[in-house]
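# Structural overview
Here is what each chain is made of, one letter per residue.
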Amino acid sequence: MPAKKLSDAEVQAQLKKMRGWSLANGKLHREFQCKDFAAAFGNMTRVALVAEAMNHHPEWFNVWNKVVIDLNTHSVKGISDLDFELAGKIDGIFGT
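Fair warning: this is a prediction, and the values are worked out from it, not measured in the lab. (Residues numbered from 1 in each chain as written. Predicted model: local features only at pLDDT ≥ 70, side-chain atom pairs only at ≥ 80, totals over all residues. Heavy atoms only, no water.)

## Some remarks on the pairing of strand 4 (residues 66-71)
Taking burial as the measure, the 6 residues of strand 4 include 5 buried ones, the bulk of the element. Pairing of strand 2 (residues 27-33) with strand 4 involves 6 bridges; the strand directions are antiparallel. Opposite Q33, over in strand 4, you have K66 as the bridge partner. Pairing of strand 3 (residues 59-63) with strand 4, which is carried by 5 bridges, proceeds in the antiparallel orientation. When the bridges of strand 4 are listed, V63 appears paired with K66. In sequence, strand 3 turns back onto strand 4 through a hairpin of 2 residues, with W64 there showing a positive phi of about 45°. (Buried < 20%, exposed > 50% of the residue type's maximum accessible area, 1.4 Å probe, protein only. Helix = DSSP H or I, 4+ residues; strand = E, 2+ residues; numbered from the N terminus. Pairing = 2+ DSSP bridges.)

Written out as structure tokens, the structure reads:
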């Protein structure tokens with residue numbers, strides 16, 4: 001199913017349901033702290049498998065126990081329903 005670009009109002013409504021996520025530079029943004037590098041990398045690996053299955057990949061950055069994730073959908077040039085779907089799955093993986 002193709003991604004559906006969300007309006008600004010739809011993005012704001014969805015953000016209210018997503019604890020810890022914010023908008024930064026036109027992307028959904030969240031930072032996670034893990035107990036150590038192995039936990040951070042393990043969670044990133046689990047996210048990678050989910051993202052690959054969705055064919056929807058995050059932009060991310062990792063240093064030791066910190067993982068920074070940004071989500072947007074290049075094909076719609078903005079934030080889509082897929083970004084929020086993946087954000088929810090990421091929250092589940094990181095246990096938030």
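## A few points about the nonpolar core
By size, the foremost hydrophobic cluster in this structure holds 24 residues, and its most contacted members are W21, L28, I69, L71, F84, I90 and F94. Mapped by element, the contributors of at least two residues to this core are helix 1 (8-15), strand 2, helix 2 (37-54), strand 4 and helix 3 (81-94). Ranked by residue count, the leading element in this core is helix 3, at 7 residues. (Core = buried A, V, L, I, M, F, W, Y, C linked by side-chain atoms within 4.5 Å.)

## Topic: the sheet that holds strand 2
Reading across from one edge, 1-2-4-3 is the order of the 4 strands in this open sheet, with antiparallel pairing throughout. Strand pairing shows two members of the sheet lacking a second neighbour, strand 1 (22-24) and strand 3, which therefore form its edges. Looking at each pair of strands side by side, their axes are set apart by 30° on average, direction ignored. Seen against the sheet, helix 2 touches strand 3 and strand 4 and runs at an angle of roughly 165° to strand 3. (Axes fitted to C-alpha atoms, helices over the stretch in contact; angles between N-to-C directions. Contact = heavy atoms within 4.5 Å.)

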